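Coordinate analysis (summary)
As a plain string of letters, each chain reads:
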Amino acid sequence: SRDRLTANIEHDVTSKLELQAQARRYDDLVTVESADTDGWEYSARATYEPTRENRFRVQGTWRERQYDNGAGPATNGDGARIDAQYRRRFGPYHYLAFDLRTETIRSDDPQRGYERESAGVAYTRPVAKDLRVRPAVELIRTRFDGRIADDGALRRDRQTVPEVELLW
């Protein structure tokens, strides 16, 4: 069971620029660093759409986390996440999107801290009146502060995440 409460406000500064502020509370969230995380996130986002075909978005998020360590005392972590996206619109529900992300969690518990960068691309195309297909791929690189790999070195993960999604 996971609970999430979100409050946000959006404001159209001009017909081409939108700003958003958001606060979010998580309870019992599974994260990359823990299977049981409670936390707060505070974010600000700017979306610039100079034309209907081109959209640019940047978002900054500050995260504060508390980890349930079972019988041991809870530990904490915090850190920033920065997201950037460019989306090209070809027609109704027909897009090509590029995403970049960098994020960090710092914690006194070396099992919880990490740094991660990712880059992704997704293509959404209508295939019928109410059906779209969305192939995507994301490349992710994660460096953990205190996790040890099988070879005795600090753990460094690299992932390629392909997906195909049907949207109805």
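The preceding data block contains the structure.
Everything in this summary refers to the structure shown in the same document. Since this is a predicted model, take the numbers as computed values, not measurements.

The subject of this paragraph is the pairing of strand β6 (residues 94-107). Two faces belong to every sheet, and in a regular strand the side chains alternate between them. With 12 bridges joining them, strand β5 (residues 75-91) and β6 adopt antiparallel strand pairing. Following the sheet pairing, G77 is matched in β6 by S107. Between β5 and β6, which pair antiparallel and follow one another directly, the connecting turn spans 2 residues, one of which, Y93, has a positive phi of 55°. Direction of pairing for β6 relative to strand β7 (residues 114-128): antiparallel, over a ladder of 11 bridges. Bridge pairing in β7 places A97 opposite A122. Between β6 and β7, which pair antiparallel one after the other, the connecting turn spans 6 residues.

It is worth spelling out the pattern of salt bridges at this point. For the structure on display, the rule yields 14 salt bridges. Residue R81 is joined to D83 by a salt bridge in which the shortest nitrogen-to-oxygen separation is 3.1 Å. One exposure class covers both R81 and D83, and it is buried. Of the charged contacts in the structure, one is a salt bridge between R112 and D109, with a shortest N-O distance of 3.6 Å. Per residue, the accessibility class of R112 equals that of D109, and both read buried.

Basis of the calculations
- Residue numbering note: each chain is counted from 1, following its sequence as written.
- Thresholds applied to this predicted model are a pLDDT of at least 70 for local features of residues and 80 or more for the giving and counting of side-chain atom pairs; totals over whole chains, interfaces and linings are not thresholded and use all residues.
- To get the side-chain values, all heavy atoms of the structure are used, and hydrogens and water are removed first.
- Strands pair, by our definition, only if DSSP identifies at least two bridges between them.
- Under the scheme used here, helices are H or I runs from DSSP no shorter than 4 residues and strands are E runs no shorter than 2 residues, and both carry numbers assigned from the N terminus.
- By definition here, a salt bridge exists when the distance from a side-chain nitrogen of Lys or Arg to a carboxyl oxygen of Asp or Glu is within 4 Å.
- Burial here depends on accessible area, computed with a 1.4 Å probe over protein chains only, as a share of the maximum for the residue type. Under 20% is buried, over 50% is exposed, and the range in between is partly exposed.

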